Amino acid sequence: MPPRPHPPFKSCPCGSGRSYAACCRPAHDGSAPPSTPEALMRARYSAFALGDGAFVLRTWHPEHRPRDLHLDDGTRYLGLKVHAAQGDEVEFTVRLRAPGQAPGSFRERSRFTRVGGEWVYVHGDLT
Ligand SMILES: [Zn+2]
């Protein structure tokens, strides 16, 4: 599924305060792979928010990647807060609203590794 069309963002969905063009878009369009686990984590969040399942899948470690992914279920991504980024781990909270439900959130510690020189997501533990 192609990413859904979206208006130019004044600020990136990941909440960095930078424009989308200066933040997560270069990761999404492949022009500049994320250089740190936090940058990848932010780009993956933005990809969820924009419905870019292809990016989410290709930045998932091959041994942990789901067979398929459905980002078109109407879930809205309301915000990201990064609490800590150290070594190959990033801890963050995502706020979101699933269809027909009240807004909710989860906090996760994600682990990343490099495959072929580029960072990929390995797995996350809810905290
Ligand atoms: Zn961003």
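Residues numbered from 1 in each chain as written. Predicted model: local features only at pLDDT ≥ 70, side-chain atom pairs only at ≥ 80, totals over all residues. Heavy atoms only, no water.

In the nomenclature of an unreviewed UniProt entry, the chain corresponds to YchJ family protein from the organism Deinococcus petrolearius.

When you look at the layout of surface pockets in this model, what are you seeing that I'm missing?
It is a probe the size of a water molecule, rolled over the atoms, that shows where empty space is left. Size it by volume and the largest pocket reaches roughly 270 Å³. Contributing to the lining of the largest pocket are 14 residues, with Arg-44, Phe-48, Phe-92, Phe-106 and Glu-108 lying nearest its centre. Where the lining of the largest pocket is concerned, the elements lending two or more residues are helix H2 (37-50), strand E2 (89-97) and strand E3 (104-115). Looking at side-chain class alone, the lining of the largest pocket contains 11 nonpolar, 1 polar and 2 charged residues. (1 Å grid on protein atoms, 1.4 Å probe; cavity = no way out; pocket = protein on both sides within 12 Å on 5 of 7 lines; lining within 4 Å. Points joined across faces, edges and corners; volume = space filled by probe spheres on them. Helix = DSSP H or I, 4+ residues; strand = E, 2+ residues; numbered from the N terminus. Nonpolar A, V, L, I, M, F, W, Y, C, P; charged D, E, K, R; others polar.)

I would appreciate a short explanation of the pairing of E3 in the present structure.
A regular strand places its side chains on the two faces of the sheet in alternate fashion. Pairing geometry for E2 and E3, over 8 bridges, is antiparallel. Across the sheet, the residue bridging to Val-94 is Phe-106, located in E3. Hairpin connection of E2 to E3: 6 residues between the antiparallel strands, including Gly-100 at a positive phi of 75°. Hairpin connection between E3 and strand E4 (residues 118-126): a loop of 2 residues separates the two successive antiparallel strands, and Gly-116 in this loop has a positive phi of roughly 60°. (Pairing = 2+ DSSP bridges.)

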